[in-house]
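Structure assessment
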Amino acid sequence: MVEELCQFLTPNNRIDVRAVALAEILGLTGTPEGLLALSSVQSIHSSLISLVTDSSEVIATDACFALINLSSDPACVKSLLGLPSLVSTLHKVIADKESKLADKATQVLSNLTRDLASCGQVHGQLQKAGIGVDSLVSLLCQEGYNLAGQDLRFLGPVLSNLSQLQVVRKEILEPEKCVIQRLLPFTEYSKSIVKRGGVVGTIRNCCFDTEHHEWLLGPDVDIVPRLLLPLAGPTPEDLADDDIEKLPVDLQYLDEDKTIEPDVDIRTMLLEGLAQLCATKASREVLREKNVYVVLRQFHKVEKDRACLLAAENIVDILIKTEDEINIDNYKEVEVPDDVVDKLKKMDECYLND
């Protein structure tokens with residue numbers, strides 16, 4: 001029986017006995033049958049969490065690998081999150097500057113937050129442990145924080161996943177804490193696509209809350225250049241000076257070596273963030289003032305992905321209209337009949353499959 005392995009993981013056993021039992025469990029986590037067998041054995045889950053901080057590096061490493069595999073399975077996640085010490089233990093490892101297992105701990109946390117319901121449980125454990133989302137942002141944003149060569153890149157996806165929750169977005173968008181401002185420079189972070197993608201996903205999610213748009217677009221945050229710059233290539237030679245000078249300063253007179261974000265998923269999220277900022281009349285006027293259309297027009301000329309093209313076209317279609325033509329203060333307050341929604345979805349599908 002799988003449960004019997006748990007007795008060999010306790011500290012009173014010799015290290016070689018614990019290592020053999022742990023190796024057996026790790027092997028089981030690598031197969032669907034093994035995950036199924038382990039999914040409800042909470043005693044083993046609890047032992048693995050304890051072993052993450054074991055004094056033996058080999059034991060702690062194997063425990064982390066086992067938790068990475070377990071946390072990739074939805075059934076196991078449900079059992080793991082039933083253990084109140086899980087998230088605080090992972091955070092302890094992640095926050096330890098000398099930990100060689102910090103990246104593996106962030107992978108577990110990333111897996112645990114993939115599902116929206118699980119996100120709520122993880123956030124609940126963070127709150128009970130007195131760990132704020134701003135502390136995770138601080139860890140992510142400190143280059144060289146970990147002295148053992150761990151880059152904590154998976155904190156990016158963790159934040160992106162957690163920011164699906166409105167309560168988390170509220171923490172990130174707290175003006176006094178300046179949390180989102182610390183994330184903005186990472187929209188062009190070149191050292192890790194995982195970290196960059198996670199940050200962009202987080203920022204995109206924060207754009208869904210229209211009550212914060214005025215602040216996000218204003219001088220305290222100035223979010224538009226951070227979303228737009230990764231989508232901009234070199235400034236076209238035939239672009240009029242008047243058009244260039246209407247752009248945010250960071251987007252004016254870009255050099256020939258300026259490249260567009262290479263990852264299609266990240267490009268899509270950047271466009272989704274900009275699309276959310278088109279919701280209200282006041283926000284649309286700001287986007288027009290910043291000449292967002294000019295950058296997207298050029299982006300559209302070189303983009304190959306159909307989904308990205310459609311996302312860019314949707315934004316352009318809004319911005320080229322006058323407010324008299326739109327005649328709606330807030331798009332999100334408009335109730336669209338279900339049959340119209342279905343028709344629009346089919347039109348998008350036709351475009352994407354053409």
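Residues numbered from 1 in each chain as written. Predicted model: local features only at pLDDT ≥ 70, side-chain atom pairs only at ≥ 80, totals over all residues. Heavy atoms only, no water.

**Overview of the environment of Val-294**
Spelled out, the test is: Here a helix means four or more residues in a row that DSSP labels H or I, a strand means two or more in a row labelled E, and each is numbered from the N terminus. When checking whether two residues touch, look at their non-hydrogen atoms; a contact exists if any pair is within 4.5 Å.
Relative to the helices and strands, Val-294 resides in helix α19 (residues 292–302). In this structure the C-alpha to C-alpha distance between Val-294 and His-123, which are 171 residues apart in sequence, comes to 40 Å. Discounting residues that sit within four places of it in the chain, Val-294 has contacts with Leu-239 and Asp-243.

**Quick notes on the pattern of salt bridges**
Put simply, the rule reads: Each salt bridge in this description consists of a side-chain nitrogen of Lys or Arg and a carboxyl oxygen of Asp or Glu lying within 4 Å of one another. Here's how the labels work: a residue is buried when its accessible area is under 20% of the maximum for its type, exposed when over 50%, partly exposed in between, all with a 1.4 Å probe on protein chains only.
For the structure shown, the criterion picks out 16 salt bridges. Residue Lys-258 pairs with Glu-188 through a salt bridge whose shortest N-O separation is 3.5 Å. With a gap of 70 residues between them, Lys-258 in the loop between α16 (241–246) and α17 (264–276) and Glu-188 in the loop between α12 (179–183) and α13 (193–206) connect regions that are remote in the sequence. Take Glu-188: its relative accessible area is 34%, and that puts it in the partly exposed class. One salt bridge connects Glu-272 with Arg-204, and the closest N-O pair in it is separated by 2.4 Å. Of this pair, Glu-272 sits in helix α17 while Arg-204 sits in helix α13, and the two are 68 residues apart along the sequence. Accessibility expressed as a relative area gives 31% for Glu-272, which makes it partly exposed. A relative accessible area of 15% means that Arg-204 is categorised as buried. Within this structure, Asp-103, Asp-151 and Arg-153 form a network of salt bridges that share partners.

**A word on the layout of surface pockets**
The cut-off we apply is this: Points on a 1 Å grid over protein atoms alone make up a cavity when a 1.4 Å probe fits among them but cannot get out, and a pocket when they form an open set with protein on both sides within 12 Å along at least five of seven lines; lining residues each have an atom within 4 Å of a point. Grid points are joined across faces, edges and corners, and a volume is the space filled by probe spheres set on the points. Nonpolar residues are Ala, Val, Leu, Ile, Met, Phe, Trp, Tyr, Cys and Pro. Charged residues are Asp, Glu, Lys and Arg, and all others, Gly as well, are polar.
The space that makes up the second largest pocket amounts to roughly 300 Å³. In terms of lining residues, the second largest pocket is bounded by 19 residues, among which Pro-234, Thr-235, Pro-236, Val-294 and Gln-298 are the most central. Here the residues of the lining of the second largest pocket are counted per class, giving 13 nonpolar, 3 polar and 3 charged.

**Concerning the packing of helix α7 (residues 102–112) against helix α10 (residues 155–162)**
Quick reminder of the rule: Lines fitted to C-alpha atoms define the axes, with helix axes restricted to the stretch in contact, and inter-axis angles between N-to-C directions lie between 0 and 180 degrees. Throughout this description, any angle smaller than 35 degrees is read as roughly parallel, any larger than 145 degrees as roughly antiparallel, any in the 65 to 115 degree range as roughly perpendicular, and the remainder as oblique. By the definition used in this description, the sense in which the near helix is turned from the far one sets the handedness, with an anticlockwise turn below a right angle giving left-handed and a clockwise turn giving right-handed.
Axis separation between α7 and α10 bottoms out at 8 Å; the angle between their running directions is 20°. By the criterion of interaxial angle, the relationship of α7 to α10 is roughly parallel. The two elements α7 and α10 cross, and the hand of that crossing is left-handed. Facing α7, whose interface residues are Thr-106, Leu-109 and Ser-110, α10 presents Leu-155, Pro-157, Val-158 and Asn-161. For the contact of α7 with α10, the per-class residue count stands at 4 nonpolar, 3 polar and no charged.

**As for the packing of aromatic side chains**
Our working rule: Two rings from Phe, Tyr or Trp (for Trp, the six-membered ring) form a pair when their centres sit within 6.5 Å of each other. Planes less than 30 degrees apart are called stacked, planes more than 60 degrees apart edge-to-face, and all others tilted.
Applying the stated criterion to the full structure yields 1 aromatic pair. On the numbers, 5.2 Å between centres and 45° between planes, the contact of Phe-186 with Tyr-189 is tilted. Residues Phe-186 and Tyr-189 agree in their burial class; the two are buried.

**Some words on a negative patch on the surface**
Convention followed: Here the term patch refers to residues with relative accessible area over 30% and no salt bridge, with like charges joined within 9 Å and nonpolar side chains (Val, Leu, Ile, Met, Phe, Trp, Tyr) within 5 Å. Accessible surface area values rest on a Shrake-Rupley calculation with a 1.4 Å probe, where residue burial reflects the displayed protein chains alone. In summary, the charge assignment counts Lys and Arg as positive and Asp and Glu as negative, without counting His or the chain termini. Positions of charges follow a simple convention, taking NZ of Lys, CZ of Arg, CG of Asp or CD of Glu.
Together, Glu-237, Asp-238, Asp-255, Glu-256 and Asp-257 make up a negatively charged patch on the protein surface. Here Asp-255 lies in the loop between α16 and α17. For Asp-255, a relative accessible area of 52% corresponds to the exposed category.

**Here we look at the side chain of Asp-103**
Keep this limit in mind: As used in this structure description, the phrase polar contact means that two N or O atoms lie within 3.5 Å; if the pair is within protein, one of them must be able to donate a hydrogen and the other to accept it, and residues adjacent in sequence are counted only when both atoms belong to side chains.
Inspection of the secondary structure puts Asp-103 in helix α7. Here Asp-151 takes part through its backbone nitrogen, which lies 3.3 Å from a polar atom of the side chain of Asp-103. Among the polar contacts listed, one links the side chain of Asp-103 to the side chain of Arg-153, at a separation of 3.5 Å. Those residues in contact with Asp-103 that lie beyond four places of it in its chain are Gln-150, Asp-151, Leu-152, Arg-153 and Phe-154.

**Notes on unusual backbone geometry**
One non-glycine residue, Asp-222, lies in the positive phi region at around 55°. One can find Asp-222 in the loop between α14 (213–217) and α15 (223–228). The backbone of Tyr-253 shows a phi angle near 50°, a positive value even though the residue is not glycine. Assignment of secondary structure puts Tyr-253 in the loop between α16 and α17. Residue class for Tyr-253 comes out partly exposed when judged on its relative accessible area of 45%.

**Remarks on the packing of helix α1 (residues 15–28) against helix α4 (residues 57–70)**
Orientation of α1 relative to α4, taken along the N-to-C sense of each, is 20°, at an axis distance of 10 Å. By the angle between their axes, α1 is roughly parallel relative to α4. In the crossing of α1 with α4, the sense of the turn from one axis to the other is left-handed. The segment α1 lies against α4, with Ile-15, Arg-18, Ala-19, Leu-22 and Leu-26 engaging Ile-59, Asp-62, Ala-63, Phe-65, Ala-66 and Asn-69. For the contact of α1 with α4, a count of residues per class yields 8 nonpolar, 1 polar and 2 charged.

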